[in-house]
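Results of the structural survey
Read off the chains here:
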Amino acid sequence: MTLLRLVFLFIVIYIVYSALKPLLRGGKQPIDPARLGEQMVLDPQCQTYLPKSEAVARQGKFFCSEECAQRYLAG
Ligand SMILES: [Zn+2]
């Protein structure tokens, strides 16, 4: 009987663990691993740092938006 109770307890723990597992993983999701260590670039127009992948490249410089690029190159 004792062994049966142990097995039952183990099953209950396993079910609870399985139910909580997605919640524990979900809590870590806001941090995107692909973003970690990504190079940051400075927009010389508005002095804003942003990830290189989101930047607009013009004449070897990086801008946060097309608007900033045009303003910088015009001025
Ligand atoms: Zn900008």
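The structure presented is a predicted model; accordingly, all values stated were derived computationally and were not measured.

1. Topic: the pattern of salt bridges
Within the structure shown, the criterion is met by 2 salt bridges. We note a salt bridge from Arg 58 to Glu 66, for which the minimum N-O separation is 2.7 Å. The class of Arg 58 is partly exposed, set by a relative accessible area of 31%. When the shortest N-O distance is used, the salt bridge between Glu 67 and Arg 71 registers 2.7 Å. With a gap of 4 residues between them, Glu 67 and Arg 71 both fall in helix 2 (residues 66-74), about one helical turn apart.

2. Remarks on the coordination of the zinc ion
Listed as protein donors to the zinc ion are Asp 43 (OD), Cys 46 (SG), Cys 64 (SG) and Cys 68 (SG); their distances from the metal cover 1.9 to 2.2 Å. For the zinc ion, the 4 donor atoms are set out with angles of 98 to 119 degrees between them, so the coordination reads as tetrahedral. Positions of the donor residues of the zinc ion along the chain correspond to the pattern D-x2-C-x17-C-x3-C.

3. Side note on the environment of Cys 68
Mapped onto the fold, Cys 68 is located in helix 2. Owing to a relative accessible area of 10%, Cys 68 belongs among the buried residues under this scheme. Along the primary structure Cys 68 and Cys 46 are separated by 22 residues, whereas in three dimensions their C-alpha atoms are 7.2 Å apart. Those residues in contact with Cys 68 that lie beyond four places of it in its chain are Asp 43, Gln 45, Cys 46 and Phe 63.

Parameters at a glance
Residues numbered from 1 in each chain as written. Predicted model: local features only at pLDDT ≥ 70, side-chain atom pairs only at ≥ 80, totals over all residues. Heavy atoms only, no water. Salt bridge = Lys/Arg side-chain N within 4 Å of Asp/Glu carboxyl O. Buried < 20%, exposed > 50% of the residue type's maximum accessible area, 1.4 Å probe, protein only. Helix = DSSP H or I, 4+ residues; strand = E, 2+ residues; numbered from the N terminus. Donors = N, O, S within 2.8 Å, 3.2 Å for Na, K, Ca; no water. Tetrahedral: all angles 85-135°; square planar, octahedral: opposite > 155°, others 65-115°. Contact = heavy atoms within 4.5 Å.

Honestly, it's all geometry; don't read function into it.
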